[in-house]
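If you want the building blocks of each chain, they are given just below.
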Amino acid sequence: YLDEPTGLANLRHFEESLEEEWRRGLRSGTALGLLVLSLPGLPALVERDGKDAGEAVEVAVAQTLLAALRRAGDLAARLGEGSFAVLVPGAAAEDTLAIREDLSARLSALSLPEGGVRIGSASTVPTREGSAAALVAEARAT
(Lines give C-alpha, C1' and ligand atoms only; values in the text may rest on other atoms or scores of the structure.)
Protein backbone atom coordinates (compact mmCIF):
# COMPACT_ATOMS: atom_id res chain seq x y z
CA TYR A 1 0.00 0.00 0.00
CA LEU A 2 3.01 2.33 0.10
CA ASP A 3 4.68 4.04 -2.80
CA GLU A 4 8.43 3.74 -2.90
CA PRO A 5 10.35 6.03 -2.47
CA THR A 6 7.88 8.73 -1.37
CA GLY A 7 6.41 6.79 1.55
CA LEU A 8 2.92 7.98 0.59
CA ALA A 9 -0.05 5.73 -0.05
CA ASN A 10 0.08 4.19 -3.52
CA LEU A 11 -2.64 4.40 -6.17
CA ARG A 12 -4.34 1.19 -5.06
CA HIS A 13 -4.49 2.35 -1.44
CA PHE A 14 -5.86 5.73 -2.55
CA GLU A 15 -8.59 4.18 -4.71
CA GLU A 16 -9.68 1.82 -1.93
CA SER A 17 -9.67 4.62 0.66
CA LEU A 18 -11.62 6.94 -1.64
CA GLU A 19 -14.34 4.33 -2.14
CA GLU A 20 -14.44 3.58 1.59
CA GLU A 21 -14.75 7.28 2.47
CA TRP A 22 -17.42 7.75 -0.21
CA ARG A 23 -19.49 4.97 1.38
CA ARG A 24 -18.91 6.45 4.85
CA GLY A 25 -20.09 9.84 3.60
CA LEU A 26 -23.21 8.24 2.15
CA ARG A 27 -24.06 6.71 5.51
CA SER A 28 -23.20 9.73 7.67
CA GLY A 29 -24.00 12.65 5.36
CA THR A 30 -20.56 14.18 5.89
CA ALA A 31 -18.51 15.98 3.28
CA LEU A 32 -15.51 14.56 1.49
CA GLY A 33 -12.72 16.80 0.23
CA LEU A 34 -10.12 15.95 -2.37
CA LEU A 35 -7.06 17.74 -3.72
CA VAL A 36 -5.24 16.57 -6.84
CA LEU A 37 -1.73 17.87 -7.49
CA SER A 38 0.39 17.64 -10.59
CA LEU A 39 3.92 18.67 -11.49
CA PRO A 40 3.69 19.51 -15.20
CA GLY A 41 7.43 20.19 -15.52
CA LEU A 42 8.56 16.89 -14.00
CA PRO A 43 8.89 14.90 -17.25
CA ALA A 44 11.17 17.58 -18.74
CA LEU A 45 13.26 17.65 -15.55
CA VAL A 46 13.67 13.86 -15.63
CA GLU A 47 14.64 13.98 -19.30
CA ARG A 48 17.17 16.74 -18.69
CA ASP A 49 18.59 15.78 -15.25
CA GLY A 50 17.70 12.13 -14.85
CA LYS A 51 15.39 9.96 -12.81
CA ASP A 52 17.14 10.69 -9.50
CA ALA A 53 16.43 14.42 -9.86
CA GLY A 54 12.76 13.74 -10.52
CA GLU A 55 12.60 11.36 -7.59
CA ALA A 56 14.12 13.99 -5.29
CA VAL A 57 11.41 16.46 -6.28
CA GLU A 58 8.67 13.91 -5.68
CA VAL A 59 10.09 13.02 -2.26
CA ALA A 60 10.19 16.72 -1.31
CA VAL A 61 6.56 17.14 -2.39
CA ALA A 62 5.59 14.00 -0.45
CA GLN A 63 7.26 15.27 2.73
CA THR A 64 5.46 18.59 2.33
CA LEU A 65 2.11 16.85 1.92
CA LEU A 66 2.70 14.69 4.98
CA ALA A 67 3.66 17.74 7.05
CA ALA A 68 0.47 19.53 5.99
CA LEU A 69 -1.95 16.74 6.92
CA ARG A 70 -4.03 17.87 9.85
CA ARG A 71 -5.93 14.83 11.04
CA ALA A 72 -5.34 11.11 11.35
CA GLY A 73 -7.99 10.34 8.68
CA ASP A 74 -6.37 12.50 6.00
CA LEU A 75 -4.53 10.54 3.31
CA ALA A 76 -1.76 11.67 0.96
CA ALA A 77 -1.06 9.44 -2.04
CA ARG A 78 1.14 9.30 -5.10
CA LEU A 79 -1.05 8.53 -8.10
CA GLY A 80 1.74 8.28 -10.67
CA GLU A 81 4.76 10.19 -11.90
CA GLY A 82 4.30 13.80 -10.84
CA SER A 83 0.72 13.22 -9.66
CA PHE A 84 -0.52 13.25 -6.07
CA ALA A 85 -3.79 13.37 -4.14
CA VAL A 86 -4.88 14.35 -0.67
CA LEU A 87 -8.12 12.83 0.60
CA VAL A 88 -9.75 14.84 3.39
CA PRO A 89 -12.78 13.15 4.97
CA GLY A 90 -15.18 15.59 6.61
CA ALA A 91 -13.85 18.61 4.71
CA ALA A 92 -16.50 20.94 3.33
CA ALA A 93 -15.70 23.22 0.38
CA GLU A 94 -14.29 26.06 2.51
CA ASP A 95 -12.09 23.62 4.46
CA THR A 96 -10.79 22.05 1.25
CA LEU A 97 -9.97 25.49 -0.18
CA ALA A 98 -8.11 26.44 3.01
CA ILE A 99 -6.04 23.25 2.74
CA ARG A 100 -5.39 24.03 -0.94
CA GLU A 101 -4.09 27.50 -0.04
CA ASP A 102 -1.90 26.08 2.74
CA LEU A 103 -0.43 23.45 0.41
CA SER A 104 0.18 26.03 -2.29
CA ALA A 105 2.12 28.21 0.15
CA ARG A 106 4.14 25.29 1.49
CA LEU A 107 4.96 23.95 -1.97
CA SER A 108 5.97 27.37 -3.31
CA ALA A 109 8.92 27.21 -0.90
CA LEU A 110 10.31 24.17 -2.74
CA SER A 111 12.55 24.18 -5.79
CA LEU A 112 10.05 22.70 -8.21
CA PRO A 113 10.58 22.17 -11.94
CA GLU A 114 9.39 24.80 -14.37
CA GLY A 115 5.61 24.96 -14.27
CA GLY A 116 5.54 24.52 -10.50
CA VAL A 117 2.60 22.65 -9.09
CA ARG A 118 -1.04 22.65 -10.11
CA ILE A 119 -3.55 21.97 -7.35
CA GLY A 120 -7.16 21.18 -8.07
CA SER A 121 -9.73 20.68 -5.37
CA ALA A 122 -13.31 19.56 -4.88
CA SER A 123 -15.61 18.76 -2.00
CA THR A 124 -19.03 17.17 -1.87
CA VAL A 125 -21.39 15.34 0.39
CA PRO A 126 -21.62 11.90 -1.22
CA THR A 127 -24.97 10.91 -2.72
CA ARG A 128 -26.21 7.79 -4.45
CA GLU A 129 -26.50 9.80 -7.68
CA GLY A 130 -22.86 10.95 -7.46
CA SER A 131 -19.65 8.96 -7.52
CA ALA A 132 -16.13 9.03 -6.21
CA ALA A 133 -14.91 9.10 -9.83
CA ALA A 134 -16.90 12.30 -10.41
CA LEU A 135 -15.25 13.88 -7.37
CA VAL A 136 -11.81 13.03 -8.79
CA ALA A 137 -12.78 14.44 -12.21
CA GLU A 138 -14.02 17.66 -10.60
CA ALA A 139 -10.81 18.07 -8.59
CA ARG A 140 -8.68 17.51 -11.70
CA ALA A 141 -10.70 20.09 -13.65
CA THR A 142 -10.24 22.96 -11.17
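Residues numbered from 1 in each chain as written. Predicted model: local features only at pLDDT ≥ 70, side-chain atom pairs only at ≥ 80, totals over all residues. Heavy atoms only, no water.

Caption draft 1: Molecular detail of the overall build of the chain. Secondary structure summary: the chain contains five helices and four strands in total. Listing the helices and strands of the chain from first to last along the sequence gives α-β-α-α-β-β-α-β-α. Scaling as 2.2 N^0.38, a compact globule of 142 residues should have a C-alpha radius of gyration of about 14 Å, and the chain matches this with 15 Å. The C-alpha extent of the chain, read off along each of the three principal axes, is 50 × 30 × 25 Å. Within the chain, the fraction of its 142 residues that count as buried is 42%. Taking the intrachain contacts of the chain between residues at least 6 apart in sequence as the baseline, contacts between residues at least 24 apart amount to 69%. Taken together, the 14 basic and 21 acidic charged side chains of the chain have centroids lying 4 Å from each other. (Helix = DSSP H or I, 4+ residues; strand = E, 2+ residues; numbered from the N terminus. Rg over C-alpha atoms; globule rule 2.2 N^0.38 Å. Buried < 20%, exposed > 50% of the residue type's maximum accessible area, 1.4 Å probe, protein only. Contact = heavy atoms within 4.5 Å. Lys, Arg positive; Asp, Glu negative; His and termini not counted. Charge placed at Lys NZ, Arg CZ, Asp CG, Glu CD.)

Caption draft 2: Spotlight on the sheet that holds strand β1 (residues 32–38). Pairing is antiparallel in the open sheet, where four strands are placed in the order β2-β3-β1-β4. Both outer strands of the open sheet, β2 (75–80) and β4 (118–124), are each paired with one neighbouring strand and no more. With strand direction ignored, the average angle separating the axes of adjacent strands in the sheet is 20°. Here β1 runs beside β4; their pairing, made up of seven bridges, is antiparallel. Paired with leucine 35 across the bridge in β4 is serine 121. Packed on one face of the sheet, helix α5 (residues 132–141) meets β1, β2, β3 (83–89) and β4 and runs near 140° to β4. (Pairing = 2+ DSSP bridges. Axes fitted to C-alpha atoms, helices over the stretch in contact; angles between N-to-C directions.)

Caption draft 3: Up close: the environment of phenylalanine 14. With respect to the helices, strands and loops of the structure, phenylalanine 14 is situated in helix α1 (residues 11–28). With 64 residues separating them along the chain, phenylalanine 14 and arginine 78 place their C-alpha atoms 8.3 Å apart. Not counting chain neighbours up to four residues away, the residues in contact with phenylalanine 14 comprise Leu34, Leu75, Ala77, Leu79, Ala85 and Leu87.

Caption draft 4: Region of the structure containing the side chain of threonine 96. Among the structural elements, threonine 96 can be located in helix α4 (residues 93–108). With residues up to four places along the chain from it excluded, the contact list for threonine 96 reads Gly33, Leu34, Leu35, Ala91, Ser121, Ala122 and Ser123.

Caption draft 5: Structural view of the packing of α1 against α5. One can describe the packing of α1 onto α5 by two numbers: an axis separation of 9 Å at closest approach and a directional angle of 110°. One finds that α1 runs roughly perpendicular with respect to α5. Residue-level inspection shows Leu18, Glu19 and Trp22 of α1 in contact with α5, the latter providing Ala132, Leu135 and Val136. A class-by-class count of the residues in the contact of α1 with α5 yields five nonpolar, no polar and one charged. (Parallel < 35°, antiparallel > 145°, perpendicular 65-115°, else oblique. Nonpolar A, V, L, I, M, F, W, Y, C, P; charged D, E, K, R; others polar.)

Caption draft 6: Highlighting the side chain of serine 123. Turning to its location among the elements, serine 123 is positioned in strand β4. A polar contact of 2.6 Å, which involves the side chain of serine 123, links it to the backbone oxygen of alanine 91. There is a polar contact of 3.4 Å between the side chain of serine 123 and the backbone nitrogen of alanine 93. Among all residues touching serine 123, those that are not within four sequence positions of it are Ala31, Leu32, Gly33, Ala91, Ala92, Ala93, Thr96 and Leu135. (Polar contact = N/O pair within 3.5 Å; in protein donor to acceptor, adjacent residues only side chain to side chain.)

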